[in-house]
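# Inside the fold
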Amino acid sequence: HPDSVGIIPIGGKPIRAVLDWKAVATLNRKAVGFQLAAYHAAWNASRPTEPVQSVAAVHLRNDGTYRFLEANVNESLPGFLAAVTIFYAKREAAA
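Think of each chain on its own: its residues are numbered from 1, step by step along the sequence as written. A pLDDT threshold of at least 70 governs which residues receive local features in this predicted model, and a stricter bar of 80 or more applies before side-chain atom pairs are shown or counted, although totals over entire chains, interfaces and linings include all residues. Side-chain metrics rest on all non-hydrogen atoms present in the structure, leaving aside hydrogens and water.

Bringing the overall build of the chain into the picture now. Under the scheme used here, helices are H or I runs from DSSP no shorter than 4 residues and strands are E runs no shorter than 2 residues, and both carry numbers assigned from the N terminus. Check the secondary structure of the chain and you find two helices and four strands. Along its sequence from the N terminus, the chain presents helices and strands in the succession β-β-α-β-β-α. With the C-alpha coordinates aligned to their principal axes, the bounding extent of the chain is approximately 50 × 35 × 20 Å. Each residue is assigned to one of three classes by its accessible area relative to the maximum for its type, calculated with a 1.4 Å probe on protein chains only: buried under 20%, partly exposed between the two thresholds, exposed over 50%. Residues counted as buried form 28% of the 95 residues belonging to the chain. Here, two residues are considered to be in contact whenever any of their heavy atoms come within 4.5 Å of each other. Here the contacts in the chain between residues at least 6 apart in sequence split such that 48% fall between residues at least 24 apart.

Right, dumping it as structure tokens:
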């Protein structure tokens, strides 16, 4: 599940967003994009009247600073869905 869902200002207007906190030395942006796209799809499917418009990771760095990294769901969701398809195909083949 996502770490946080709330209203934040992006581009000067308040929007509902999924935020995921990451406290790692190096952030794998592609993998995080897949995870955030999955959160986006799951949230919007389960709450169609309260959709999220944005997803982002907050990378907490060792030096006490942070980076806000917004993910592009349209780019990341196909990769996530492909990974899920492969997972289930391999599981079925092993059965």
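Text resumes after the structure shown.
Within the secondary structure layout, His59 lies in strand 3 (residues 54-60). Look past the residues within four positions of His59 in its chain and what remains in contact with it is Lys22, Val24, Ala25, Leu27, Thr65, Tyr66, Arg67 and Leu69. In the analysis that follows, any N or O atom pair within 3.5 Å is treated as a polar contact, provided that within protein one partner can donate a hydrogen and the other can accept it, and provided that, for residues neighboring in sequence, both atoms belong to side chains. A polar contact is formed between the side chain of His59 and the backbone oxygen of Val24, at a distance of 2.7 Å.

So, on to the pattern of salt bridges. In the sections that follow, a salt bridge refers to a side-chain nitrogen of Lys or Arg positioned within 4 Å of a carboxyl oxygen of Asp or Glu. Enumeration according to the criterion identifies one salt bridge in this entry. For Asp20, the salt bridge is made with Lys22, and the minimal N-O distance between the two is 2.8 Å. In this pair, the class of Asp20 matches that of Lys22, namely buried.

Neighbouring strands of a sheet are bound in pairs by backbone hydrogen bonds; such pairs are parallel or else antiparallel. One open sheet accounts for four strands, arranged 1-2-3-4; its pairing is mixed. Pairing within the sheet leaves two strands with one partner each, and these edge strands are strand 1 (4-10) and strand 4 (66-70). Mean inter-strand twist for the sheet, computed between neighbouring axes without regard to direction, equals 40 degrees. Think of it this way: DSSP has to see at least two bridges between two strands before they count as a pair. Where strand 3 meets strand 4, five bridges bridge the pair, whose relative direction is antiparallel. Directly across from Ala56, in strand 4, lies its bridge partner Glu70. Helix axes are fitted to C-alpha atoms over the stretch in contact, other axes to C-alpha atoms as well, and angles between N-to-C directions run from 0 to 180 degrees. Those strands touched by helix 1 (residues 29-46) are strand 1, strand 2 (13-22), strand 3 and strand 4, and its axis lies near 125 degrees from that of strand 2.

A few words on a nonpolar patch on the surface. A contiguous nonpolar surface patch, about 430 Å² in accessible area, is contributed by Trp21, Leu60, Tyr66 and Phe68. Residue placement: Tyr66 occurs in strand 4. Residues forming no salt bridge and having over 30% relative accessible area are the ones grouped into patches, like charges within 9 Å of each other and nonpolar side chains (Val, Leu, Ile, Met, Phe, Trp, Tyr) within 5 Å. To be clear on the numbers: accessible area is Shrake-Rupley with a 1.4 Å probe, and residue cover counts the displayed protein chains and nothing else.

As a further point, take the packing of aromatic side chains. Pairs were defined over the aromatic rings of Phe, Tyr and Trp, the Trp ring being its six-membered one, requiring ring centres within 6.5 Å. Orientation was assigned from the angle between planes: stacked under 30 degrees, edge-to-face over 60, tilted for the rest. With the rule as written, the count across this model stands at one aromatic pair. When the centroid spacing of 5.0 Å and the interplanar angle of 80 degrees are considered together, the rings of Phe87 and Tyr88 count as edge-to-face. Criterion for a charge above a ring: Arg CZ or Lys NZ at most 6 Å from the ring centre, at most 35 degrees from the ring normal. The side chain of Arg47 reaches across the aromatic face of Trp43, ending 3.8 Å from its centre.

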